[in-house]
Amino acid sequence: MVAKVFIFVAHTDGKADDTAFELVTAAKRLFPGCAPVALVTGSGLDGVCQEMAAALGEVWKFDQAALAHPNAELLWPLLVKVLPAGAMLLLPHSSLGMDLGPGLSVRLGAAYLPDVVGTEASEGTTLRVIRQEFNGQVSTHLHCDASGGAVITVRSGAFPPEATGSAVGQVSDRSGDAEGLTARRTFVEVIPAEAGDIDITREEVLVAVGRGIGDQENLALAEELALAMGAALCCSRPIVDAKWLAKSRQVGTSGLTVQPKVYLALGISGSFQHLGGIKGSPLLVAINKNPNAPIFQAASVGVVADLLELLPALTEKIHQSR
Ligand SMILES: Cc1cc2nc3c(=O)[nH]c(=O)nc-3n(C[C@H](O)[C@H](O)[C@H](O)COP(=O)(O)OP(=O)(O)OC[C@H]3O[C@@H](n4cnc5c(N)ncnc54)[C@H](O)[C@@H]3O)c2cc1C
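The structure displayed is predicted, hence computed values, not measured ones.

Visitor: Sorry if this is basic, but what is going on with the site of the ligand here?
Guide: Lining the immediate environment of the ligand, one finds 26 residues, of which Gly210, Gly212, Ser236, Gly252 and Ser269 sit closest. At the level of secondary structure, the elements contributing two or more residues to the shell around the ligand comprise α6 (237-241), α7 (272-275) and α9 (307-321).

Visitor: Can you walk me through the sheet that holds strand β9 (residues 126-133) in this structure?
Guide: Working definition: the strands of a sheet are paired by backbone hydrogen bonds and lie parallel or antiparallel to each other. Reading across from one edge, β8-β9-β10 is the order of the three strands in this open sheet, with antiparallel pairing throughout. Across the chains shown, the open sheet's two edge strands, defined by having one partner strand only, are β8 (118-119) and β10 (138-145). Pairing between β9 and β10: eight bridges, direction antiparallel. Across the sheet, residue Thr126 finds its bridge partner in β10, namely Asp145.

Visitor: Can you help me understand the sheet that holds strand β16 (residues 283-288) in this one?
Guide: Strand order in the open sheet formed by five strands is β14-β13-β15-β16-β17, and the pairing between neighbours is parallel. Lying at the two open borders of the sheet, with one neighbouring strand each, are β14 (232-235) and β17 (301-304). When the angles between neighbouring strand axes are averaged without regard to direction, this sheet yields 20 degrees. Contacting β13 (205-209), β14 and β15 (262-266), helix α5 (residues 219-229) crosses the sheet at an angle of about 170 degrees to β13.

Visitor: Got a minute to help me understand the domain arrangement of the protein in this structure?
Guide: Reports often express the size of an interface as the amount of accessible area lost when the parts come together. The domain architecture assigned to the protein consists of domain 1 (5-178) and domain 2 (200-321). On a C-alpha basis, the centroid separation for the pair domain 1 and domain 2 is 32 Å. Each side of the interface is counted separately: domain 1 has nine residues, and domain 2 has nine residues. Considering only residue class, the side of domain 1 that touches domain 2 consists of one nonpolar, six polar and two charged.

Here is what the cut-offs are and how they apply
Residues numbered from 1 in each chain as written. Predicted model: local features only at pLDDT ≥ 70, side-chain atom pairs only at ≥ 80, totals over all residues. Near = placed C-beta within 6 Å. Helix = DSSP H or I, 4+ residues; strand = E, 2+ residues; numbered from the N terminus. Pairing = 2+ DSSP bridges. Axes fitted to C-alpha atoms, helices over the stretch in contact; angles between N-to-C directions. Contact = placed C-beta atoms within 7 Å. Domains from an automatic or database assignment. Nonpolar A, V, L, I, M, F, W, Y, C, P; charged D, E, K, R; others polar.

Below, the structure is given as structure tokens:
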């Protein structure tokens, strides 16, 4: 029997987050033949419900003012109330998913599979998923008894959205189930990130610098290359922590999410926190002196080389070719 599968739809400004469609891909890989039901919670949900209904067959809407800002303390009693026994629930591995998933799985008596990055053919209710350990250097392949259902959090970017076709989905208004929810935590405010001099989220070609650049003065090598390529400069978190570049240049889970066509990663190891900020399957070219650096697993093209030797030569070559 095909499992009853649900995906939790994160959304902002009336639009579903990319993660919603990534969860659909993950659900279809984990449970071939399933028809995932989209769970949409919040306030003023018509736009996002219609968007999800056009992609999936069934949407459950929970529209309440109390749910306007995601709060795990409100969501777990709601989900415990509405999910059927044995449900398979996929959440994004975001701060909300990490907050909600563990306690919810205990209350549902369901298995908990966090931070899934891949799947293998599952057998019945024995799920087979892949996670990463030790900063992406080791893959673990898990077999899990999910006969009592499962709560699965899925790493952002691990399952690119696929065409879902067009559905004439049905939106069931189940807002009544979300009445009277209370929590001790209350939402205070959203503080938008400071705007930088350039907006790396809109750039098509990015040159990203990591700790492998070695020294602040070596940044000039990357800047010259970016200039020659007509690219914008961005970076991994250690470069921001060292105050070599502004926070508005940081790519990753605690930085910005970018969707370039080309991403040139210079001396970046490939942590999931960094790769999680790169969306849209760009041409990812990685230059690293360590042939075993995890970034090479994600890269379209990998170059094993010392940056300090390669960058001046590369910049020179680009100038010559113009
Ligand atoms: C809660 C949390 C949130 C985080 N958020 C982010 C985030 O948003 N973005 C982010 O980037 N990180 C984030 N991190 C940090 C993340 O875990 C990694 O530590 C970080 O991404 C590593 O940056 P890096 O690849 O530049 O450095 P390293 O991991 O130190 O890698 C440096 C690489 O450079 C290579 N190298 C060294 N010298 C040379 C050379 N001369 N030539 C070529 N290659 C060379 C090395 O082989 C190595 O692979 C977060 C961490 C936590 C805990």
